[in-house]
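Structural description and commentary
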Amino acid sequence: MPTITYILKDGSARSIDARTGASVMETAIHHNVRGIDAECGGSCSCATCHVYVADDFIDRLPPPDDMEDELLDGVASERLPGSRLSCQLTVTPELDGLTVRVPETQV
Ligand code: FES
């Protein structure tokens, strides 16, 4: 199982064995990772699943589509190069070791 590490607002880290095919958001919700709210349930319409992907994984992910890109312009915390909506990131074996940081605020 690929391991995804979430860096929480307080700086602590949680590493979770993720199910292939689940999204990074779903993995967080199922394991009670604080700070990923996912109010729309993964339909790419709320932007409360915003995360910052670690630099070394940015280019290993498929780029955001137009809808995700548009929503990222309206996230509550600053948009950075690693900003992604975690509901749009599907866990694959190649993402083993992915680290994402939870932003300061989602609302
Ligand atoms: S869960 Fe709403 S946009 Fe990702």
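Above: the structure in question.
Residues numbered from 1 in each chain as written. Predicted model: local features only at pLDDT ≥ 70, side-chain atom pairs only at ≥ 80, totals over all residues. Heavy atoms only, no water.

Turning our attention to the overall build of the protein chain. Helix and strand counts for the protein chain come out as 3 helices and 5 strands. Start at the N end of the protein chain and walk to the C end: the helices and strands fall as β-β-α-β-α-α-β-β. Taking all 107 residues of the protein chain together, 43% fall into the buried category. Roughly 5600 Å² of accessible area belongs to the protein chain as shown, and the carbon and sulfur atoms make up 47% of that amount. For the protein chain, the centre of its 8 positive side-chain charges and the centre of its 18 negative side-chain charges are spaced 6 Å apart. (Helix = DSSP H or I, 4+ residues; strand = E, 2+ residues; numbered from the N terminus. Buried < 20%, exposed > 50% of the residue type's maximum accessible area, 1.4 Å probe, protein only. Areas by Shrake-Rupley, 256 points an atom, 1.4 Å probe, with all protein chains shown as cover. Lys, Arg positive; Asp, Glu negative; His and termini not counted. Charge placed at Lys NZ, Arg CZ, Asp CG, Glu CD.)

Between side chains of opposite charge, a pair can form when the charged atoms approach closely. Under the definition given, this model contains 3 salt bridges. A salt bridge links D73 to R79, with the shortest nitrogen-to-oxygen separation between them at 2.7 Å. The class of D73 is exposed, set by a relative accessible area of 60%. One continuous salt-bridge network, built from bridges that share partners, spans D69, D73 and R79. (Salt bridge = Lys/Arg side-chain N within 4 Å of Asp/Glu carboxyl O.)

So, on to the pairing of strand β3 (residues 50–53). Within a regular strand, side chains alternate between the sheet's two faces. With burial as the criterion, each face of β3 is covered, one bearing H50 and Y52 and the other bearing V51 and V53. The pairing of β3 with strand β4 (residues 83–85) spans 3 bridges and is antiparallel. Looking at the pairing, Y52 lines up with S83 of β4. Both β3 and strand β5 (residues 99–101) contribute to a ladder of 2 bridges, which runs antiparallel. Pairing of Y52 across the sheet is with R101, part of β5. (Pairing = 2+ DSSP bridges.)

So, on to the environment of I36. Among the secondary structure elements, I36 is positioned in the loop between α1 (24–30) and β3. I36 sits in the buried class, given a relative accessible area of 3%. In this structure the C-alpha to C-alpha distance between I36 and L85, which are 49 residues apart in sequence, comes to 9.9 Å. The residues touching I36, leaving out its near neighbours within four places in the chain, are Y6, M25, A28, I29, T48, C49, V51, S86, V102 and Q106. (Contact = heavy atoms within 4.5 Å.)

The next thing to look at is the environment of R19. Tracing the backbone through its elements, the reader meets R19 in the loop between β2 (13–17) and α1. Each C-alpha atom of the pair R19 and E68 lies 23 Å from the other, and the pair is 49 residues apart in sequence.

Another point: the pairing of β2. In this structure, strand β1 (residues 3–7) lies alongside β2, joined through 5 bridges in antiparallel fashion. Across the sheet, I4 pairs through a bridge with I16, a residue of β2. Following β1, the chain reverses through 5 residues before pairing antiparallel with β2; G11 in that reversal takes a positive phi of roughly 90 degrees.

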